[in-house]
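Report on the structure
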Amino acid sequence: MKNLRPICFLVFFSYVQCQTLQRSLLAAALNHTNRQNYLQENLRDITSIMVAQFLQKSTYQEVQTIVEELVDRAEKCKVLKPQESPSECSHQLMTTFLEHVCNNQGMADKQEFSDCCNVNNKARLKCFLLYKKDDTEYSDVFQIPNLEQICEVDKENQASVKERYIYETSRKHPFLYGPTILTMSACYETAIRSCCQEVNKTECFQIKLEPIRKYVREISLRHHHLCEIGIKFNHKVSKAVELVLLTKKQPKASFSEIAKLAGDVKNLHQTCCEGDVVACVLGRSQLMNDTCSKQSTLSSKITPCCALSVPFRGECIINSENDDKPDLSSLPLSRFTEDRFVCKQFIDKQDDLLPEFLYEYSRRHSELAVSVILRVYTVYQNLLGKCCKLENPLECYSHGKEMFQRVVGESHERIKNHCDLREKLGDANFHDRLLSNLVRQKPRATEMQVRSIIADFAHLVETCCQAEESEMCFRGEGSKLIEKCQSLLGHK
């Protein structure tokens, strides 16, 4: 649901109504960040993000001290150009950082990294990543109770307020990608400067900072979820997820373009999930440049985004609307279930046939949730695996269309069952039923975790069952709730 994605810089294009940053304020933020050498200008902030996301227990001053030492050793990164490979520079910066932590016994003990320091470099990074934790013990957003004080600090040292925001956001959200933190820090800094000019600073801060806080929280959950997909599943699953998302957003693009883009995005996710903020920032910038160079063939909806400078371009493209669905009547999907040569393609070029099916199905069914489309994809893969061993495979896999419809129907039925059950039991009894089911499934969950999830799910059902497009509502808001559940229940 588009109106549930408030993000400060998208007001420019009417993708969402954002009441926090007016056009003049957005223009100020854009002008403030419109620099030629973005990496060079922001190397310190980029390094701060990396350090704070790994050393979540460190104080602001401790992080700044480490950043100073790393930046002194990172002169090579400053001269890197976006089109050059960032791997060597970022690898050196990451290695230097991990060595710095391990050479400081007190720091390693404080962060509980001692066991990581006893393994080699490749295993060491994986070990460090396991200690990253989304946790409510860290403040949700950088706040200073005395608003006059924060304005005074900004007047005396404008960099300090932004650096503190980056520090607090990074340690609170260790899986949030570096480019997003840089973008939101620009929005935050601009909001602070605007509010410090107002008579009623408190009201201004509340209005302008809430959408920033909300967007950071929601996109952090999504980034964490993407990182978990990469860890739990093989690269084909990760690429399949990206292929569906990209196809739904850009249904007019060719299969070859989407397939290449899906591979590039998957690789970028892996880089960002490994905490390599330098490579993540440069990789995102390069990917967005490539995307904008092909905007005429990818999507008409990203044109306004491509007119923006770094760091706003990336977030804008990611949050842009899905492009209009093309007329696909001349390309029936039945060729995947009625062509007698399907099995030859499946046996000889399975890695081409299955992704192409996923692409064609996704752009015809953009209204379906990613999970439903992936279930259809799995059904088709298993169907061919069985049918292509038979003497008459065509007769076997020709029933594919009915099987796909059954998967979609089951999804519709689950939503209907939730709504019918709530109507039958009433809110109180429905809430108790949900509570009983979740406790049975997750007996180790704390009472606070369980009640938080149940309250959110009950609200989701209440809201979406009354919505005109209930399935769209469940698809949009349900994905956020799933990510919250995964974050709270057992995913360290």
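Everything here concerns the structure above.
If you're wondering where the values come from, they're calculated on a predicted model, not measured in any experiment.

1. Considerations on the overall build of the protein
- Along its length, the protein carries 25 helices and zero strands.
- Expressed as a percentage of contacts within the protein between residues at least 6 apart in sequence, the contacts between residues at least 24 apart total 70%.
- By element, 51% of the accessible surface of the protein is carried by carbon and sulfur atoms, the whole surface being about 24600 Å².

2. Things to note about the packing of helix H12 (residues 235–249) against helix H21 (residues 370–387)
- In contact at an axis separation of 10 Å, H12 and H21 are set at 120 degrees when each is read in the N-to-C sense. If you check the angle between H12 and H21, you find them oblique. Relative to H21, H12 is oriented so that their crossing is right-handed. Residues Ala-240, Val-241, Val-244, Leu-245 and Lys-248 of H12 lie in contact with H21, whose contacting residues are Val-370, Ile-373 and Leu-374.
- Grouping the amino acids of the contact of H12 with H21 by side-chain chemistry returns seven nonpolar, no polar and one charged.

3. Here's the deal with the packing of aromatic side chains
- Within the structure shown, the criterion is met by twelve aromatic pairs.
- When the centroid spacing of 6.3 Å and the interplanar angle of 90 degrees are considered together, the rings of Phe-336 and Tyr-380 count as edge-to-face. In this pair, Phe-336 sits in helix H18 (residues 335–338) while Tyr-380 sits in helix H21, placing the two residues 44 residues apart along the sequence.
- Their ring planes at 45 degrees and their centres at 5.4 Å tell us that Phe-357 and Phe-404 sit as a pair that is tilted. Residue Phe-357 is found in helix H20 (residues 350–364), and its partner Phe-404 is found in helix H23 (residues 400–441); the two are separated by 47 residues along the sequence.
- Assessed through its relative accessible area of 1%, Phe-357 is described here as buried.
- Members of the aromatic cluster, each reached through a chain of ring pairs, are Phe-336, Phe-357, Tyr-361, Tyr-380 and Phe-404.
- Sitting above the plane of the Phe-54 ring, Lys-132 keeps its charged end 4.5 Å from the centroid.
- For the cation-ring pair, Arg-164 lies above Tyr-60, with the distance from its terminal atom to the ring centre recorded as 4.7 Å.

Definitions and cut-offs
- Residues numbered from 1 in each chain as written.
- Predicted model: local features only at pLDDT ≥ 70, side-chain atom pairs only at ≥ 80, totals over all residues.
- Heavy atoms only, no water.
- Helix = DSSP H or I, 4+ residues; strand = E, 2+ residues; numbered from the N terminus.
- Contact = heavy atoms within 4.5 Å.
- Areas by Shrake-Rupley, 256 points an atom, 1.4 Å probe, with all protein chains shown as cover.
- Axes fitted to C-alpha atoms, helices over the stretch in contact; angles between N-to-C directions.
- Parallel < 35°, antiparallel > 145°, perpendicular 65-115°, else oblique.
- Left-handed = near helix turned anticlockwise from the far one by under 90°.
- Nonpolar A, V, L, I, M, F, W, Y, C, P; charged D, E, K, R; others polar.
- Phe/Tyr/Trp six-rings, centres within 6.5 Å; stacked < 30°, edge-to-face > 60°.
- Buried < 20%, exposed > 50% of the residue type's maximum accessible area, 1.4 Å probe, protein only.
- Lys NZ or Arg CZ within 6 Å of the ring centre and 35° of its normal.

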